[in-house]
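Residues per chain are reported as follows:
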Amino acid sequence: MKLIDQSQSPLNILEQVGQDHEGPIKGYVHSVESFGSVDGPGIRFVVFMQGCRMRCQYCHNPDTWNIGVGEEMTADQILADAQRYKAFWGEQGGITCSGGESLVQIDFILELFTKAKELGISTCLDTSGGPFTRDQPWFGQFEKLMAVTDISLVDIKHIDSAEHKKLTGFPNENILDMVQYMSSHGDDMWIRHVLVPQRTDFDPYLKRLGDYIATLDKNVVQKVEILPYHTLGVKKYHELGITYPLEGIEPPSADRVKNAENLLHVQDYTGWQNWRPRPATNA
């Protein structure tokens, strides 16, 4: 199993992850969760994909960073496992691909979601948008992926590009471009924002983010969520011998969380309550 240079562009990674072998595409999977309740609408079977180029200071899964490692699985293997829990999904649940960063392995996610929709399974993409580009062939794959994705959970790390780069190692122009694409093409999404004291919890930036979200299609943005920063991942950093960037920073207070929710007008986005996935592609 080869390691892939994480500093490469999304196009170079696309050439090496999932395209360098014959037969079914295999994805590199970190882990799965059978009954995810916070990973999209309803109860969901969550596939945590391996690999991410961002280095978010508050990341609680540094063990998902390396690209080209993990358990190799085919779409059929995942779907066979997932369907054992289909009775629990109800009208909204299904499969979510999270990470790491799912879009690092876009070919595999596309095959998985295409087959899932053929089986009548709802699909949800959890992404921070880091690999997004309008360059081909990546963008063509993304367009196909959106056609078989019922809803996306989009994590906007920071509205300011310079601050985004400090926080994650990368600017955010391509990420906001992805959000604009989704909005203009009717691709349903939940927008999430992690509230971190001394990093993202500043009223001017929160107001800017709230104003930005308000420019998007109201019929597309089903929900806006504030996710309070937590320290549950600190132990992993210590076990991996990695310096934790936010040592000493505590989670935000309930008042600051409420303040952020007000500035992002989360109460205005209620489409998720009645949201339903699109019909199966073979219907």
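Residues numbered from 1 in each chain as written. Predicted model: local features only at pLDDT ≥ 70, side-chain atom pairs only at ≥ 80, totals over all residues. Heavy atoms only, no water.

- As recorded by an unreviewed UniProt entry, the protein chain carries the name Pyruvate formate-lyase-activating enzyme and is attributed to Lacticaseibacillus chiayiensis.
- Of the protein chain, the UniProt comment under Function (unreviewed entry) reads exactly: "Activation of pyruvate formate-lyase under anaerobic conditions by generation of an organic free radical, using S-adenosylmethionine and reduced flavodoxin as cosubstrates to produce 5'-deoxy-adenosine." (UniProt positions renumbered as here; feature names shortened; annotations may be inferred.)

1. Some details on the nonpolar core
- Core analysis: the biggest nonpolar cluster contains 56 residues, and Phe-142, Leu-145 and Ile-213 have the highest contact counts within it.
- Per-element accounting of this core gives the leading share, 7 residues, to helix α3 (residues 106–118).
- Sequence-distant contacts of Ile-213, defined by excluding residues within four places in its chain, comprise Ile-191, Val-221, Val-224, Leu-264 and Tyr-269.
- Membership of the second largest hydrophobic core comes to 16 residues, among which are Tyr-229, Tyr-237, Tyr-244 and Ile-249. (Core = buried A, V, L, I, M, F, W, Y, C linked by side-chain atoms within 4.5 Å. Buried < 20%, exposed > 50% of the residue type's maximum accessible area, 1.4 Å probe, protein only. Helix = DSSP H or I, 4+ residues; strand = E, 2+ residues; numbered from the N terminus. Contact = heavy atoms within 4.5 Å.)

2. Comments concerning the pairing of strand β4 (residues 94–98)
- Counting buried positions along β4 yields 5 of 5 residues, so the element is predominantly enclosed.
- As judged from the 5 bridges shared by strand β2 (residues 44–49) and β4, these two strands associate in the parallel manner. Across the sheet, residue Val-46 finds its bridge partner in β4, namely Thr-96.
- Pairing analysis gives 4 bridges linking β4 to strand β5 (residues 122–127), with the strands arranged parallel. Within β5, the position partnered with Cys-97 by the bridge is Leu-125. (Pairing = 2+ DSSP bridges.)

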